[in-house]
Amino acid sequence: MCAKRVILHVDVNSAFLSWEALDLLEHGATLDLRTVPSVVGGDETSRRGIVLAKSTPAKAYDIQTGETLFSARRKCPDLLVVPSHYPLYAKQSNRLYTLLCEYSPVIQRYSIDECFLDFTGMEYVHGDAVACAEEIRRRCETELGFTVNVGVGPNKVLAKMAGELRKPNFVNTLFPHELADKLWPLPVRELFMVGRQTERALARRGVHTIGELAHMDPKAVRYDLKSHGMLVWGYANGMDPSPVVPNDSVGPKSYSNAATLPADACTAADAHAALRPLCESVTERMRRDGWATKLLGVQIKYADFSVVQHQRALRDAICDSRTVFEHICALFDELWDGRPVRLLGARLGELCQPDCEQLTLEDSCKQISRAALDRVADCIRAKYGRTSLMPATMLRQDFSHLDRYAANSEKPKTNSPF
DNA sequence: TCTGGGGTCCTAGGACCC
DNA sequence: TCTGGGGTCCTAGGACCC
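Not measured: the values here are computed from a predicted model. (Residues numbered from 1 in each chain as written. Chains lettered and ligands numbered in written order. Predicted model: local features only at pLDDT ≥ 70, side-chain atom pairs only at ≥ 80, totals over all residues. Heavy atoms only, no water.)

In this section: the packing of aromatic side chains. This model, assessed by the stated rule, comprises nine aromatic pairs. Consider the rings of Tyr86 and Tyr89, whose centres lie 5.4 Å apart with planes at 70°: the pair is edge-to-face. On the criterion of helical spacing, the pair formed by Tyr86 and Tyr89 is a turn pair, its members being three residues apart in helix α4 (residues 86-100). Taking 5.4 Å as the distance between ring centres and 25° as the angle between the ring planes, the aromatic pair formed by Phe332 and Trp336 counts as stacked. The positively charged end of Lys156 is found above the aromatic ring belonging to Phe116, 5.1 Å away from the centroid. Above the ring of Tyr302, the side-chain terminus of Arg339 is found at 4.0 Å from the ring centroid. (Phe/Tyr/Trp six-rings, centres within 6.5 Å; stacked < 30°, edge-to-face > 60°. Helix = DSSP H or I, 4+ residues; strand = E, 2+ residues; numbered from the N terminus. Lys NZ or Arg CZ within 6 Å of the ring centre and 35° of its normal.)

Structural data, given as structure tokens:
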């Protein structure tokens, strides 16, 4: 007989802010950021001034993640704003992961501050799942110095929703017999995968709570919202068959790097210059993980915030920065309508092994020598730092928009983002 | 809105083929 | 061809997550 599935979801409370607070305390600060209205924010001078994470006291001022620092300060004039440090977050994320490895061999790092553990059958080793979740919560607080929420459920979505019920520093359960009490009264927007558009579409049907969605006729949901509707209808009814997938068992689908420019680019030359470091860093990251790409894409966000993208499949896989850059510039030129550009992005998809590259005779010499050059450059940057070697055209440029996990930094392996 | 960046997945529509 | 219908592939756009 199969053991009953038990999934744990571990989520760091105000992750970036907690980790900044911890780091400051370790370096002699006397104030704990977590005890005052504070946020981790992007750099306003380069037009990235948004709230990335907030303290519990900041939440009391209705400060939201993603809102501008300008707006956050208006709500709380004494707000403390600290900049972000991604290598630090990666390090703390790894500490958490190491601790969790003691409790299950099947762990999925869902993001830099969230993990799913498949606890099925582990009761025989570690005892009751809820008691174990409590132990994890306590050990994070005492041994790691930051608090987490642990959700316990029969599948991933219920474990994750359980984690949201009471915060911070709590263990919550969400099993099928608890749905009506704990899940169904909540606003439908709080359900995983129900965003603003789905919320609007459901509101047109008079559906405002998770329970109302759960009790909808699935045919009506499918009619309105297609397959995505069936997904969230299943979630509302506590159904989620998806397995906990350890990250080393699945490769990435794509790599991308985008940056809001310190000032709008108004000429093709300006845009090309901004694309160069983006292409360099994203290609280097892909190469470091041992991939080549057969699909290149460029993204433009205009000054009015409208977004367009353009992509092209390549006949041959490539992995050298210069060739990527040339293709991306060509794609940009085809896409750009001449208006001022706020953000530029480059994306590498259709990943494959570099050794299956099918080069034509004419291209092969050029690309092989470029690839060899890149490999040497990668080694030098790994040893002496990100900016120790760069194309001359990138001298005097601002590098604050380079990959957060480019060379040398400690990168956590996750399915998504970070 | 003084509105980031890195991902995944889905859908619609057009090109092309039989 | 004043062209049907189904299948596949490709691209653009959008929704959602953290």
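Close contacts around DNA strand B come from 28 residues, with Phe70, Asn257, Ala258, Thr260 and Arg285 the closest. Each atom of DNA strand B within 4 Å of the protein was classed as base or backbone; sugar and phosphate made up 66%. Ser254 is positioned with one of its side-chain polar atoms (N or O) 2.7 Å from a phosphate oxygen of DNA strand B. For DNA strand B, a phosphate oxygen lies 2.7 Å from a polar atom in the backbone of Ser256. Contributing elements (two or more residues each) for the surface near DNA strand B: α11 (218-236), β9 (255-265) and β12 (341-352). The biggest single contributor to the surface near DNA strand B is β9, with six residues. Taken together, the residues that form the surface near DNA strand B break down as 11 nonpolar, seven polar and 10 charged. (Near = heavy atom within 4 Å. Polar contact = N/O pair within 3.5 Å; in protein donor to acceptor, adjacent residues only side chain to side chain. Nonpolar A, V, L, I, M, F, W, Y, C, P; charged D, E, K, R; others polar.)

Much of the literature gives interface size as the accessible area that the parts lose upon coming together. Split by domain assignment, chain A resolves into domain 1 (1-175), domain 2 (184-236) and domain 3 (251-394). For domain 1 versus domain 2, the separation of C-alpha centres amounts to 27 Å. With five residues of domain 1 at the interface, the matching set in domain 2 holds six residues. Carbon and sulfur atoms make up 86% of the area that domain 1 and domain 2 hide from each other, which totals about 450 Å². On the domain 1 side of the interface with domain 2, the three residues burying the most area are Val157, Lys160 and Met161, jointly 76% of the side's total. For the interface between domain 1 and domain 2, the tally reads zero salt bridges. Residue contributions to the side of domain 1 that touches domain 2 peak at three residues, all from helix α7 (residues 156-163). Considering only residue class, the side of domain 1 that touches domain 2 consists of four nonpolar, no polar and one charged. (Domains from an automatic or database assignment. Contact = heavy atoms within 4.5 Å. Buried area = accessible area lost by both parts, 1.4 Å probe. Salt bridge = Lys/Arg side-chain N within 4 Å of Asp/Glu carboxyl O.)

Attention now moves to the sheet that holds strand β3 (residues 51-54). Sheets are built from strands paired through backbone hydrogen bonds, the pairs being either parallel or antiparallel. Here we have three strands laid out as an open sheet, ordered β3-β2-β4, and mixed in their pairing. In the strand order of this sheet, the two ends are held by β3 and β4 (80-82), each with one partner. Strand-to-strand twist across the sheet, computed as the mean angle between neighbouring axes with direction ignored, equals 30°. Here strand β2 (residues 38-41) pairs with β3 via three bridges, running antiparallel. From the neighbouring strand, Val40 faces β3, where its bridge partner is Ala53. (Pairing = 2+ DSSP bridges. Axes fitted to C-alpha atoms, helices over the stretch in contact; angles between N-to-C directions.)

All right, on to the protein's contact with DNA strand C then. As a matter of local geometry, DNA strand C sits amid 23 residues, with Ser111, Lys160, Thr198, His310 and Gln311 nearest to it. Per the 4 Å cut-off to the protein, sugar and phosphate atoms form 92% of the nearby atoms of DNA strand C. In the model, a phosphate oxygen of DNA strand C is placed 3.4 Å from a nitrogen or oxygen of the Val194 main chain. Mapped onto the surface near DNA strand C, the elements with two or more residues apiece are β5 (107-111), α9 (196-204) and β11 (307-318). At six residues, β11 tops the list of elements feeding residues into the surface near DNA strand C. A breakdown of the residues in the surface near DNA strand C according to their chemical character gives 10 nonpolar, eight polar and five charged.

For the rest of this paragraph, the subject is the environment of Thr35. By the secondary structure assignment, Thr35 is in the loop between α1 (15-26) and β2. C-alpha of Thr35 to C-alpha of Ala258: the two residues are 223 residues apart in sequence and 34 Å apart in space. A distance of 2.7 Å separates a polar side-chain atom of Thr35 from the backbone oxygen of Asp32.

The strand order across the open sheet built from five strands is β5-β6-β1-β7-β8, with neighbouring strands paired in mixed fashion. The strands lining the two open edges of the sheet, one partner per strand, are β5 and β8 (171-173). Put simply, the sheet's adjacent strands are angled 20° from each other on average, direction ignored. In this sheet, strand β6 (residues 114-118) lies alongside strand β1 (residues 7-12) in antiparallel orientation, the contact comprising five bridges. Bridged to Val10 within β6 is Cys115. Where α4 meets the sheet, it contacts β1, β5, β6 and β7 (148-153), and its direction lies at approximately 155° from that of β5.

Moving on: the pattern of salt bridges. Applying the stated criterion across every chain yields a total of 20 salt bridges. Here Glu199 makes a salt bridge to Arg189, at a shortest N to O gap of 3.6 Å. Within this pair, whereas Glu199 is found in helix α9, its partner Arg189 is found in the loop between α8 (179-183) and α9, the two being separated by 10 residues in sequence. Classification of Arg189 as partly exposed rests on a relative accessible area of 38%. Notably, a salt bridge pairs Glu326 with Arg322, separated by 3.2 Å at the nearest N-O pair. One end of the pair, Glu326, and the other, Arg322, are both in helix α13 (residues 321-335), four residues apart, so they sit about a helical turn from each other. Note on Glu326: relative accessible area 33%, which makes it partly exposed. (Buried < 20%, exposed > 50% of the residue type's maximum accessible area, 1.4 Å probe, protein only.)

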